[in-house]
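Spelled out, the chains give:
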Amino acid sequence: MKLVSRVTGKEIKQGRTLHGQAGAATGLAWRFERISLHRDGVHHVHVSRPGGKLGRIHREFHPSVFGCEVTVEITWRLAVRHAATRTWSKVDDYLLAGVFALVPLAFFEHFHWAEAIVSALGLNGH
């Protein structure tokens with residue numbers, strides 16, 4: 001999720017100052033903290049400003065109060081690529097472990113490929 005200015009079209013980073021343009025935040029300078037999602041599915045901007053002895057005052061406003069909008073990036077391609085990479089990594093690890101498991105199996109269980117494996121590894125002693 002990104003907070004984007006409607007005027008410039010650029011992303012607003014966390015910690016930047018936002019100036020209220022409508023509602024209760026009109027004319028006040030607020031520091032952008034984060035974007036929060038409410039239960040009804042509407043994104044709000046969590047902002048704060050100095051509050052004197054009380055520390056910082058925290059509030060949540062609709063992005064339009066600051067002349068902004070929230071854009072949601074669709075990252076399903078990255079998620080699919082990440083899942084495929086992790087799956088192949090696990091399959092590759094298990095295949096390699098299976099190959100290494102054949103060596104002791106050949107030695108201790110007299111597997112029918114034992115002579116070929118021992119000769120391929122150069123452990124035949126001759």
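Because the structure is a prediction, the values reported are computed rather than measured. (Residues numbered from 1 in each chain as written. Predicted model: local features only at pLDDT ≥ 70, side-chain atom pairs only at ≥ 80, totals over all residues. Heavy atoms only, no water.)

### Notes on the packing of aromatic side chains
Under the definition given, this model contains two aromatic pairs. Plain terms: the ring middles of W30 and F61 are 5.3 Å apart, the flat faces sit at 70° to each other, and that makes the pair edge-to-face. Here the residue W30 occupies a position in strand β4 (residues 29-37), and F61 occupies one in strand β6 (residues 56-61), the gap between them amounting to 31 residues. Among the residues examined, W30 registers a relative accessible area of 3% and is labelled buried. For F61, a relative accessible area of 14% corresponds to the buried category. Taking 5.7 Å as the distance between ring centres and 80° as the angle between the ring planes, the aromatic pair formed by F61 and F66 counts as edge-to-face. (Phe/Tyr/Trp six-rings, centres within 6.5 Å; stacked < 30°, edge-to-face > 60°. Helix = DSSP H or I, 4+ residues; strand = E, 2+ residues; numbered from the N terminus. Buried < 20%, exposed > 50% of the residue type's maximum accessible area, 1.4 Å probe, protein only.)

### Topic: the sheet that holds β6
Judged by pairing direction, the sheet is antiparallel, and its four strands sit side by side in the order β3-β4-β5-β6 without closing on themselves. The open sheet is flanked by β3 (17-19) and β6, the only strands paired with a single partner. The sheet shows a mean angle of 45° between the axes of neighbouring strands, taken without regard to direction. Pairing of β4 with strand β5 (residues 43-50) involves six bridges; the strand directions are antiparallel. Across the sheet, I35 pairs through a bridge with V45, a residue of β5. (Pairing = 2+ DSSP bridges. Axes fitted to C-alpha atoms, helices over the stretch in contact; angles between N-to-C directions.)

### Here we look at the pairing of β4
Examined bridge by bridge, β3 and β4 share three bridges and lie antiparallel to one another. Bridge pairing links H19 to A29 in β4. The antiparallel pairing of β4 with β5 creates a hairpin that spans five residues between the two strands, and G41 there sits at a positive phi of about 90°.

### Focus on the pattern of salt bridges
One pass over the full model with this rule turns up three salt bridges. A salt bridge links K13 to E11; the nearest nitrogen and oxygen atoms lie 3.6 Å apart. (Salt bridge = Lys/Arg side-chain N within 4 Å of Asp/Glu carboxyl O.)

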